[in-house]
Protein chains: 2
Amino acid sequence: MVSGFSGAGKGTLMKQLVRSYDNYALSVSMTTRSPRPGEEDGREYFFVSREEFERRIEEGGLIEYASYCGNYYGTPKEYVRKQLEKGRDVILEIEIQGALKIKEQFPTALLLFVMPPSVSELKKRLEGRGTESPEVIKRRLSRAGEEADGIENYDFIVINDKLEECVEQMHGLIAAAHKTPQRNSSFIREIRQELQAFAKQ
Amino acid sequence: MVSGFSGAGKGTLMKQLVRSYDNYALSVSMTTRSPRPGEEDGREYFFVSREEFERRIEEGGLIEYASYCGNYYGTPKEYVRKQLEKGRDVILEIEIQGALKIKEQFPTALLLFVMPPSVSELKKRLEGRGTESPEVIKRRLSRAGEEADGIENYDFIVINDKLEECVEQMHGLIAAAHKTPQRNSSFIREIRQELQAFAKQ
């Protein structure tokens with residue numbers, strides 16, 4: 001799960017990660033909002049009706065969901081499960097509250113927080129988009145301070161300075177996470193059983 | 001801190017790690033036992049008298065120490081501190097109880113547990129040394145089962161299959177550990193303060 005300040009470069013980073021290594025899949029969210037021009041069903045989002053979305057909620061088919069501006073947004077369980085079965089790590093962009101909810105259900109999920117190298121760099125990137133008014137940028141930077149409140153709950157922070165280096169670093173962090181005892185419990189169990197069997201000989 | 005079953009290859013791994021990358025230093029233990037032929041003061045151990053060792057204990061100059069077969073063994077704080085000041089990561093071979101004691105004093109210390117790829121491989125390596133009787137090997141394997149009891153407290157497990165790959169992996173795990181929020185608290189604090197300052201503008 002990847003969180004971080006808006007403008008920190010999460011999106012670009014995640015796309016590049018999936019492009020650079022073949023063991024990742026981007027999670028595709030489900031939404032009730034209408035597709036915008038250029039958006040494709042199953043690529044940007046799975047676009048469904050309100051009825052369909054609520055049916056999914058009832059069936060427990062969503063890992064998490066939230067309502068925003070009158071529309072539902074959520075993470076379909078089925079898609080994630082299929083990718084995991086293929087042996088892929090599923091990358092999910094999500095804000096901190098959603099991330100912590102998922103972590104409760106999936107304790108081996110990894111939490112990465114993308115940060116800019118500095119606040120002035122963050123400001124520069126938000127301005128560089130050219131889509132935001134100075135007012136909005138100021139509000140975003142203020143909100144970023146609050147968003148940073150949950151960082152301590154994250155496994156790793158990723159400082160997005162140079163894209164390529166950062167993608168490599170992210171890959172290294174995910175590889176490291178695969179080496180925790182918690183994520184190798186069956187290997188550890190096997191070694192233990194073998195050792196016990198030996199002791200009984 | 002590196003722990004693991006005897007025969008898992010900790011020693012070789014650590015020496016190769018320090019040789020391959022220049023950001024590491026091996027911690028040198030202090031002991032009251034006599035140097036063996038070929039051992040050098042300050043390389044294998046710092047060799048000191050019983051009086052000197054007990055003076056260090058009183059002064060709080062040891063990170064941890066233990067008594068084994070009538071001799072003291074311990075980790076001098078001063079040496080570790082100097083290496084850390086030089087910006088190096090200090091590598092320390094230590095059994096699990098000592099490691100957990102150190103972790104209490106230094107919460108950002110990293111715990112790595114070296115494992116063989118399989119029990120049969122561990123047995124082969126212990127036999128390959130040619131110095132141990134079948135009786136001793138059997139006892140070691142039995143004890144390994146008990147040593148494995150603390151693995152859950154470790155940050156990462158390292159499976160020592162191929163030396164070079166394993167050294168690289170160890171380097172990656174240590175690099176990853178440097179990216180936890182806990183080990184970047186001052187960077188996070190700075191970013192937060194800057195953001196708050198911006199919000200007040």
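Summary of the structure given here. (Residues numbered from 1 in each chain as written. Chains lettered and ligands numbered in written order. Predicted model: local features only at pLDDT ≥ 70, side-chain atom pairs only at ≥ 80, totals over all residues. Heavy atoms only, no water.)

**Details of the environment of Ala144(B)**
The criterion, for reference: Under the scheme used here, helices are H or I runs from DSSP no shorter than 4 residues and strands are E runs no shorter than 2 residues, and both carry numbers assigned from the N terminus. We call two residues in contact whenever any of their non-hydrogen atoms come within 4.5 Å of each other.
Tracing the sequence through the fold places Ala144(B) in helix 6 (residues 134-147). As for Ala144(B) and Arg43(B), which are separated by 101 residues in sequence, their C-alpha atoms are 28 Å apart. Setting aside anything within four residues of it in sequence, one finds Ala144(B) in contact with Leu195(A) and Phe5(B).

**Quick word on the relation of the copies chain B and chain A**
Selection rule: Least-squares superposition of the copies uses the C-alpha atoms of those residues scoring a pLDDT of at least 70 in each of them.
In the superposition of chain B on chain A (RMSD 0.1 Å, axial shift 0.0 Å), the rotation amounts to 180°. Overall, the copies show the geometry of a two-fold rotation axis. Looking at the interface residues of chain B, 98% of them are also at the interface in chain A, so both copies use one shared face.

**Describing the pairing of strand 5 (residues 62-68) of chain A**
Residues and elements named next belong to chain A. Convention followed: Criterion used throughout: strands pair if DSSP finds at least two bridges between them.
Strand direction decides the pairing type here: strand 5 and strand 6 (residues 71-76), joined by six bridges, are antiparallel. Looking across to strand 6, one finds that Tyr-65 is bridged to Gly-74. The antiparallel pairing of strand 5 with strand 6 creates a hairpin that spans two residues between the two strands, and Cys-69 there sits at a positive phi of about 55°.

**A few points about helix 8 (residues 185-200) of chain B**
How we decide: Multiplying 1.5 Å by the residue count of a helix minus one yields the expected span of that helix. Exposure is judged per residue with a 1.4 Å probe applied to protein chains only, and the accessible area is read against the type maximum: over 50% gives exposed, under 20% gives buried, and values in between give partly exposed. For this quantity, the arc is that covered by the directions from the helix axis to the C-beta atoms.
Here helix 8 of chain B is 16 residues long and its end C-alpha atoms lie 23 Å apart, about the 22 Å a rise of 1.5 Å per residue gives. Those residues of helix 8 of chain B that fall on the buried side of the exposure criterion are Phe187(B), Ile188(B), Ile191(B), Arg192(B), Leu195(B) and Phe198(B). Down the axis of helix 8 of chain B, the buried set is contained in an arc of 135°. They therefore lie on one face. Those residues of helix 8 of chain B that are buried are in contact with strand 8 (112-115), helix 5 (119-128), helix 6 (134-147) and strand 9 (156-159) of chain A.

**A short note on the interface of chain B and chain A**
The criterion, for reference: Once two parts are put together, the accessible area they lose, assessed with a 1.4 Å probe and summed over both, is termed the buried area. Salt bridges, as used here, are contacts in which a Lys or Arg side-chain nitrogen is within 4 Å of a carboxyl oxygen on Asp or Glu. We call two N or O atoms a polar contact when they sit within 3.5 Å, provided that within protein one can donate a hydrogen and the other can accept it, with sequence-adjacent residues counted only if both atoms are side-chain atoms.
In this complex, chain B contributes 40 residues to the contact, which on the side of chain A involves 39 residues. In total, chain B and chain A occlude about 3,500 Å² of area from one another, counting both sides; carbon and sulfur atoms represent 73% of this. By the criterion of area lost to chain A, the three top residues of chain B are Lys179(B), Leu195(B) and Phe198(B), representing 19% of everything that side buries. Glu152(A) is the partner of Arg192(B) in a salt bridge, and the nearest nitrogen-oxygen pair spans 3.2 Å. At the boundary of chain B with chain A, the tally comes to four residue pairs in polar contact (both at pLDDT 80 or more).

**Observations regarding the packing of aromatic side chains**
Where we set the bar: Side-chain rings of Phe, Tyr and Trp, where Trp is taken by its six-membered ring, are said to pair if the distance between their centres is within 6.5 Å; with planes under 30 degrees apart they count as stacked, over 60 as edge-to-face, and otherwise as tilted.
Across all of its chains, the model carries 20 aromatic pairs over all chains by this definition. Plain terms: the ring middles of Phe46(A) and Tyr79(A) are 5.8 Å apart, the flat faces sit at 65° to each other, and that makes the pair edge-to-face. With Phe46(A) in strand 4 (residues 45-47) and Tyr79(A) in helix 3 (residues 77-85), this pair connects stretches of sequence that are 33 residues apart. Ring geometry for Phe113(B) versus Tyr154(B): centroids 5.2 Å apart, planes at 80°, classification edge-to-face. Of this pair, Phe113(B) sits in strand 8 (residues 112-115) while Tyr154(B) sits in the loop between helix 6 and strand 9 (156-159), and the two are 41 residues apart along the sequence.

**Re a negative patch on the surface**
Residue and element names in this part refer to chain A. Selection criterion: Residues form patches when they are more than 30% accessible in relative terms and have no salt bridge. Like charges link within 9 Å. Nonpolar side chains (Val, Leu, Ile, Met, Phe, Trp, Tyr) link within 5 Å. Using a 1.4 Å probe, accessible areas were evaluated by the Shrake-Rupley method; residue-level cover was limited to the displayed protein chains. Counted as positive: Lys and Arg. Counted as negative: Asp and Glu, with His and the chain ends omitted from the count. A charge is said to be at NZ when it belongs to Lys, at CZ for Arg, at CG for Asp and at CD for Glu.
A surface patch of like charges, here negative, comprises Asp-161, Glu-164, Glu-165 and Glu-168. Note on placement: Asp-161 falls in the loop between strand 9 and helix 7 (163-177). Owing to a relative accessible area of 54%, Asp-161 belongs among the exposed residues under this scheme.

**What about the nonpolar core?**
Where a protein is soluble and globular, its nonpolar side chains tend to be buried together. Selection rule: Remark: nonpolar core denotes a set of buried residues (Ala, Val, Leu, Ile, Met, Phe, Trp, Tyr, Cys) joined through side-chain atoms within 4.5 Å.
Phe5(A), Met115(A), Phe5(B) and Met115(B) are the most contacted members of the largest nonpolar core, which has 96 residues in total. Here Phe5(A) is in contact with Lys10(A), Phe113(A), Val114(A), Met115(A), Pro116(A), Leu122(A), Ala144(A), Glu147(A), Ala148(A), Ile191(B) and Leu195(B), once residues within four sequence places are set aside.

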